[in-house]
2 protein chains.
Amino acid sequence: MASAPERGSSAPPATAAELGLMQGSPPDPSRLVTVAGWQEGPWNRWAFQHVSELVPCAVVPRGPGHVFPLLSEPEELGSTPLDGVRCADTLDDFLLESYTDGFLVLRGGTILYERYENGMGPASRHVLMSVSKSLCGVLAGGFVESGALDPDATVATYVPELWDSAYGDATISQLLDMTVSLEFNEDYADPDSEVQAQDRVAGWRPRRLEDPETSYDFLRSLRRKDEHGRAFQYCSATTDVLAWVLERVTGRRYPEVLADQLWSRIGAEHDAFVTVDRAGFAFANGGVCASLRDLARLGHLMLRGGSAEAHRVCSPQWAERVRTGSDPGLMAGSDFARAYPEGSYRCQWWNTGGEASAFYAVGIFGQFIWVDPGADVVIVKLSSLPKALDPVVTRDHHRAFRSVAAALA
Amino acid sequence: MASAPERGSSAPPATAAELGLMQGSPPDPSRLVTVAGWQEGPWNRWAFQHVSELVPCAVVPRGPGHVFPLLSEPEELGSTPLDGVRCADTLDDFLLESYTDGFLVLRGGTILYERYENGMGPASRHVLMSVSKSLCGVLAGGFVESGALDPDATVATYVPELWDSAYGDATISQLLDMTVSLEFNEDYADPDSEVQAQDRVAGWRPRRLEDPETSYDFLRSLRRKDEHGRAFQYCSATTDVLAWVLERVTGRRYPEVLADQLWSRIGAEHDAFVTVDRAGFAFANGGVCASLRDLARLGHLMLRGGSAEAHRVCSPQWAERVRTGSDPGLMAGSDFARAYPEGSYRCQWWNTGGEASAFYAVGIFGQFIWVDPGADVVIVKLSSLPKALDPVVTRDHHRAFRSVAAALA
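These notes cover the structure that comes with them.

Criteria and thresholds
Residues numbered from 1 in each chain as written. Chains lettered and ligands numbered in written order. Predicted model: local features only at pLDDT ≥ 70, side-chain atom pairs only at ≥ 80, totals over all residues. Contact = placed C-beta atoms within 7 Å. Helix = DSSP H or I, 4+ residues; strand = E, 2+ residues; numbered from the N terminus. Nonpolar A, V, L, I, M, F, W, Y, C, P; charged D, E, K, R; others polar. Pairing = 2+ DSSP bridges. Least-squares fit on C-alpha atoms with pLDDT ≥ 70 in both. Axes fitted to C-alpha atoms, helices over the stretch in contact; angles between N-to-C directions. Parallel < 35°, antiparallel > 145°, perpendicular 65-115°, else oblique. Buried ≥ 20, exposed ≤ 12 C-beta atoms within 10 Å, placed from the backbone.

**What about the interface of chain B and chain A?**
Logical step 1: Between chain B and chain A, the residue contacts involve 27 residues of the former and 27 residues of the latter.
Logical step 2: Among the elements of the structure, strand 1 (57-60) and helix 9 (236-250) of chain B are those that each provide at least two residues to the side of chain B that touches chain A.
Logical step 3: Of the residues contributing to the side of chain B that touches chain A, the split by class is 17 nonpolar, 5 polar and 5 charged.

Structural data, given as C-alpha cells:
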C-alpha cells in the first residue's frame, strides 16, 4: 500500500475526489485503493461507497414491492447547537468534521434533514460495518416468532459441525445478546487478531497462507473461554454464527434470507449488497452495503414496533425487546457501561437505557442508525472516519444525535 | 475445480438448483462455483446470474429518471414453428434445449413473450459477455456526435501510452469496426491465448505470476500484426482500448461514463454492474451484467433510431450506421461471411446484411440482442450454454430468431 495522501491538519477532511483516489486511467499507484488497505483512512473515503469493486458481493434484491414513501419537510437543522461535542458547535460543523458521507434525520416518517457529502448520493450503497449485525438480529426475530428458531436451543442443534467449537453449547439467545464467551481478539488494528484473520478469510484483506479456506472453517476453529451467558463479549464472529444458523433453519443462503425476510419487506428503494467469501458465505457481521434512506426506513420500522404502513420486519414483541434492552449487569466493566450504566446489548442492537433511552446500530468508522423513541426520531449517519474506533469521536456522535433529538422533541 | 456434476444426456439441461450448485452451508466442494471455472458449463448455470459474487463489480446506476414503460400483451409464441433449427421444432422446445436463462420478444415496444428459467427473474442481472461491446459502441457514438471523439484520429491521440502498442496508429473508426490488426489469439479454450491472459488480468480467472498487473498494462503489451483497416479481426482487447479512450475523453472511469451516457438514459429498471480489475478498470468487452428487460429497452431504442419516448442513446445517424452495417469485404474468409455474405461489423454491432437485414449484439455462451427492423422486433436471449462457441448452436439461434421475427412480420 502506498503512503496516504497528505492533507493539512486544520482543513476539513478531504473528499475522495480531492484526494484523487481512483482517478486517472490508470490511477496513479499512490492513489490506488486496494483490498490491502481500503478500510483505513483516507482510502475508505472512496472505498466505503465502492465495496463491491474490492470484495465480491451478493445482491440483496429489494424485490418487486412498492417503495416505502418518505415525506420530506426540510428543517434548518444544520445550525442546531450541540451539547458537549468536542469538535463542533453546530450540527453542520460536526458533520463536516466527522467525515460524513450521508446523514439523515427522520421524524415520524418524514425526512427533516438529508445531506450527502464526499460523492455520495441517494442511490449510493455505503458499507454498514457492524450495523449489519443489527439487520441479522431483526431477521432472527422472524424465525423465533414463527417457531423455526428456538432461542433456548444450542447452536449445535442447528449446526452440528460447531459442537466442539466455542459455539457448540451456546444458545441462540446468547448469540443474539453477545454473551458467548470465546477466545477472540477484536482489536481491528492488530494483524494477529482473530478479527483480522476473519477479515482475511472473508476477502476483506489479503490472505495469508495459513488462513482457513472459508468463513465456515474459521468459525469452527474458534475456542470457548469461560461460561456462556455471564457477560457481554462483543464479537463479530458471533453474528456470523447466527447467520450460519439462519442458513440451516431456512436451507437457503444468507443473502437470500436477508432479501426475502427483511430487505424486500421494508419498502427499500435500492437493492443492498453483502460481501461474500470463497464459499459464497455472506459477511453478516459487517458486509452489508445499503443506501441512506433505506436504513432510515429500517430504523423507522423498528421505532414503530416492527411495522408501519404495509411494511413489517418483525413482531411487536421483538421490536419491544430491542427497544427495552437487556440486563445492564452483563456489560459490567466495559467502556460502554461507563458511558451507559443502564445500557445493554440485545438482539444485536445497542440500548442506552436510562432517561431518554435510545437504541441503535453502530459500525466502525462512523456508521449509525440511532433510534430515539421518545423524540420519535431516527438518525442515520454513514461516514468514512480515519480510525475504526475512537472513544472521543464515538462520544461526540452520541452527543450530537442526542442534541438533534432533544431539539426536535 | 471439482468435476462437473453429471446429468443424463437426453434430459433437458439441468438448472443450477437441480445441480445443487452453491447449495448447502457450506456448499459441498463438488458444487462450489469458483473463479477458476465459472464461465464453463455447468458452473455457469449459477455463475452467470451471480458474477458479482465471483469478480468485483462496479455499480452502473440507472439514475433517478423514470423507467421506460414496456407494455405487455402476451402472445402464444411458444408454439412458433422453427425453420431449420437442429434441436427443436418449436420456440419453447428450443428455449428448453438451449440453456435459456431469460428470453424476451418485443414488438413495437410491447412485450409479446417473456420467459425466465434456471432461477432467473426480472430483477436478475445476467452477464452479457460480448453484448457488452455493443454498449460501448453506442456510448462512443455520443462522443463522436458531440465532437469530443474524432473517428479519424489515432488511438495515441487520446492514449499516448499506447503509441508503441498494436493500437497506437489505429484510428477510432478502426477500433469501432474491429479492423485493427494485432497478434491476438481469441481462442477462449486455450490457456496460453491472449484472451485467457486478458481474463486473468481482469480477475475472471486465477492469475499467473507472469501476468501484467492491470488491464492497462495488458493492453499496452499487445503487438501489431498487419496493416490496420484491411480486414475484420474480432478482438476483445480492441473494445477495452475503446473504453480506455472514452475514459481519456471524459476524464472519468468507464463505469461512470456508461452510467451517465447510456444506462441513465434508457429508462432502465435496474442498475447494471460491470466487473473491474485491480486498477478499477472495467471489463468493457464482456463484463456488463444487466436485466433482461433493460436489454430489450436498449434494443428498442436502437431499433427506433437511437431514441424513443423521452429516452435517447445515440443520434439517428449513429443508429443508422449500426442498422446499415459496414463493408462486407472486410469480413472475407471468416465463418461469419460464409453465413452472411453481405454481413458486416460496425460500431461494435453485427449486421447480417442481405434481405431482411438484422443487426445484433452477441456474447459467448448464448447472449443476444437481436434487432429486426423489418419486423419491428427485438429479441433478447440470455443463456448459460455449456460451451463458449459452437457454430451449430449459433446457427440454430439465428434461425430461431428469424423464425420468430418472420412469424410476427
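**Section: the sheet that holds strand 7 (residues 288-290) of chain B**
All names here are of chain B.
Logical step 1: The 4 strands are arranged 1-6-7-5 in an open sheet whose pairing can be described as antiparallel. Of all strands in the sheet, those with a lone pairing partner are strand 1 and strand 5 (126-127), marking the two edges.
Logical step 2: Of the strand pairs in this sheet, strand 6 (residues 272-275) and strand 7 are connected by 2 bridges, and their pairing is antiparallel. The partner of Phe273 across the bridge, within strand 7, is Cys289.

**Regarding the relation of the copies chain B and chain A**
Logical step 1: For the pair chain B and chain A, the superposition axis carries a translation of 0.0 Å, the fit reaches an RMSD of 0.0 Å, and the rotation angle comes to 180°. Overall, the copies show the geometry of a two-fold rotation axis. Residue Pro56(B), judged by its C-alpha, is the member of chain B lying nearest the rotation axis, at 2.4 Å.

**Considerations on the packing of helix 4 (residues 131-146) of chain B against helix 10 (residues 254-263) of chain B**
Residue and element names in this part refer to chain B.
Logical step 1: At a closest axis distance of 10 Å, the pairing of helix 4 and helix 10 adopts a crossing angle of 75°. For the element pair helix 4 / helix 10, the angle class is roughly perpendicular. Contacts between helix 4 and helix 10 involve Leu135, Val138, Leu139 and Gly142 from the former and Val257, Leu258, Gln261 and Leu262 from the latter.
Logical step 2: Grouping the amino acids of the contact of helix 4 with helix 10 by side-chain chemistry returns 6 nonpolar, 2 polar and no charged.

**What about the pairing of strand 3 (residues 100-107) of chain A?**
All names here are of chain A.
Logical step 1: When you tally the buried positions in strand 3, you get 8 out of 8 residues, the bulk of the element.
Logical step 2: By the bridge criterion, 6 bridges tie strand 3 to strand 4 (residues 110-116) in an arrangement that is antiparallel. In the strand pairing of strand 4, Gly102 is matched with Tyr116.
Logical step 3: Between the antiparallel neighbours strand 3 and strand 4 lie 2 residues, among them Gly108 with a positive phi of about 55°.

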